Amino acid sequence: MSGGSLDLARKAKRWDDKQMSQLKSTKEKLTEELREAMKKSRKESELNTVESQIRGLDTRLKYSKSDKEKTLKQIAALDEELRQLENKLELIAPKCEYIEKSMMARDQLIQEMKGKMNRVEDDVFEDFCRQIGMQNIRQYEERELRSQQERAKKRLEFDNQKNRITNQLEFERMKDTKNNVLRWERAVSDDEDELERAKQAEQKQMSEIDKLMRELDKLKSERQTKKMDVDAFEEQIGKARREVGAIAKDIQAAQKLVNSIENKLEMRKGERHSILMHCKMEDIQIPMLHGNMEDISAQESSTMESSMDSSSVAAQQIYDRESRITIDYSQLNASYKDFEDDEVKKYGDKLAKAISDASLTLQKIQAPNMKAMHKLEMAREKLQETNEEFENARRRAKQAKKNFEKVKKERHDKFMDCFEHVSNEIDNIYKALAKNQSAQAFLGPENPEEPYLDGINYNCVAPGKRFQPMSNLSGGEKTVAALALLFAIHSYQPAPFFVLDEIDAALDNTNIGKVASYIHDKTTSLQTIVISLKEEFFSHADALIGIVPNAGECLISKVITLDLSQYPAGNPT
């Protein structure tokens, strides 16, 4: 055992100055080694960061190349499609001009026909008007009306005068004055003779009027025939106008397609500008036949992004400058130009592997890392998993796109089958409802490419009226148009029966009879239940069902039925 201050003093003498200096030098050496080790660890982390950046750049380069190839192919396809559309547009323009000229010629022909009708009417009544001293038959009709009124007025005056003379004669008889009686008798006989002559003149005039009226009826029938011819010409003009409208819609669709192609070209120019800007920022040298990297202006691009008012002008200036750049692909192997997406991916993987091997060699040269192979294996496994996930996701996306296109096509086909059927049937149904062949109804999609995404324009021309918007039609005309659309839709996939609730509310008796007659004609293929309060409508039904209140302790409803099939139409009983 040892203890006490003596032992402590003896132990302290062991640590002399030489040993202390050796320990300090050892400490400093260890500290320096620790510092070097910390530097190496920091360099290793920096090296890992650089490796990850290299892998990211390789991936971006691979996708950029694939996007570039796709963009070039799409640009070529769009250029070809644009040329085809321009050729079609050049073919459509002369056709439109021809149709407009034909319409003008038909309008001129109609005006000439109207002039001919007036001249025919004037030629027919020319002799008669010359005989009576009139310019046309209308003035004669006005004069005859005035003459009839004057004759009626004179006849009334004659009757009044006769009554007055008769009264005076009675008065004179009461006075018993023979001379006055004889004088008034002579006056009466003269008046009677005058009246007889007036009656004979009236009969003669009436016979002439009858003869002229027969001629007028004959001329009216000829005029009706000419009017029917004019209506036929107007129908042809309407058909031509509808054809012009369809051509205008085709032109509008082509214009939309051209605008879409121009927008896609602008997008491709923007993507090309982004790629060039990225290469300039990353100091990636691009072989060029024309132009240089100075044509890519980052300052103008930033100005374009900051100034919203002049963005389009600045972008166009940038694209014009970059259009002078022509990239030299002569250094690129010809076999690489025909690579597909999978081959590009494989070649990118090969280059990535080469870069990874070079990086691994660089790491071995700078500082040996015993865990590098393990990390490389882990990175390869992760890359393999990522590639497999990417391929799976790509296959799923491709399958989803294929399914989407299939569903989109089915949707378009089903919609267009229904739309074409309804648009073909609605005009005949509207004519049948209106009982007039001059009535017209037609449908038109707002979006011809994908009609189910936008609205459908429904327009109709009521009988005897010009074309006007649906909102300007009367309530009855709107009701008939709505029923035509309803029956046209029903004709595509007929339902077992219809239930119509007071559709005759805005209709007059004439239109009610037309609608009821149309529904009655369709009873062989369609059962219809109609709720109506107008006798003009439900009198055409096969059976009636009425709901009436039945008075009692409490108010209840009572159902009354009546079979009208046992009462033939037109039977007064």
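In this text the structure is predicted, and so the values were computed from the model without any measurement. (Residues numbered from 1 in each chain as written. Predicted model: local features only at pLDDT ≥ 70, side-chain atom pairs only at ≥ 80, totals over all residues. Heavy atoms only, no water.)

Opposite charge on two side chains lets them pair, provided their charged atoms get close. A full pass over the atoms with the stated rule returns 11 salt bridges. One salt bridge in this structure joins Asp427 and Lys431, with 2.5 Å as the shortest N-O distance. On the criterion of helical spacing, the pair formed by Asp427 and Lys431 is a turn pair, its members being four residues apart in helix α10 (residues 372-434). When its relative accessible area of 12% is taken as the criterion, Lys431 is described as buried. (Salt bridge = Lys/Arg side-chain N within 4 Å of Asp/Glu carboxyl O. Helix = DSSP H or I, 4+ residues; strand = E, 2+ residues; numbered from the N terminus. Buried < 20%, exposed > 50% of the residue type's maximum accessible area, 1.4 Å probe, protein only.)

A contiguous patch of positive charge, built from Lys39, Lys40, Arg42 and Lys43, is present on the exposed surface. Of note, Lys43 is situated in helix α2 (residues 17-124). Lys43 sits in the exposed class, given a relative accessible area of 58%. (Patch = residues over 30% accessible without salt bridge, like charges linked within 9 Å, V, L, I, M, F, W, Y side chains within 5 Å. Areas by Shrake-Rupley, 256 points an atom, 1.4 Å probe, with all protein chains shown as cover. Lys, Arg positive; Asp, Glu negative; His and termini not counted. Charge placed at Lys NZ, Arg CZ, Asp CG, Glu CD.)

Running from N to C, α10 and helix α11 (residues 475-492) cross one another at 135°; their axes reach a closest spacing of 7 Å. One way to sum up the angle between α10 and α11 is to call them oblique. The crossing of α10 and α11 is right-handed. The segment α10 lies against α11, with Lys414, Asp417, Cys418, His421, Val422, Glu425, Ile426, Ile429, Tyr430 and Leu433 engaging Val480, Ala481, Leu483, Ala484, Leu485, Phe487, Ala488, Ile489, Ser491 and Tyr492. Its residues assigned to classes, the contact of α10 with α11 shows 15 nonpolar, two polar and three charged. (Axes fitted to C-alpha atoms, helices over the stretch in contact; angles between N-to-C directions. Parallel < 35°, antiparallel > 145°, perpendicular 65-115°, else oblique. Left-handed = near helix turned anticlockwise from the far one by under 90°. Contact = heavy atoms within 4.5 Å. Nonpolar A, V, L, I, M, F, W, Y, C, P; charged D, E, K, R; others polar.)

With that settled, the discussion passes to α10. Taking 1.5 Å as the rise per residue, α10 with 63 residues should run 93 Å; its terminal C-alpha atoms sit 89 Å apart, in good agreement. With its phi angle positive at about 55°, Lys435 sits one or two positions after the end of α10. (Expected span 1.5 Å × (residues − 1).)

Viewed as axis vectors pointing N to C, α10 and helix α12 (residues 509-521) meet at an angle of 125°, and their least axial separation amounts to 7 Å. In terms of axis orientation, α10 runs oblique to α12. On α12, the residues touching Ile429, Ala432, Leu433 and Ala434 of α10 are Lys514, Val515 and Tyr518. The residue inventory of the contact of α10 with α12, partitioned by class, reads six nonpolar, no polar and one charged.

Here the focus is a negative patch on the surface. On the surface, Asp190, Asp191, Glu192, Asp193 and Glu196 cluster together to form a negatively charged patch. For Asp193, the location among the structural elements is in helix α5 (residues 178-281).

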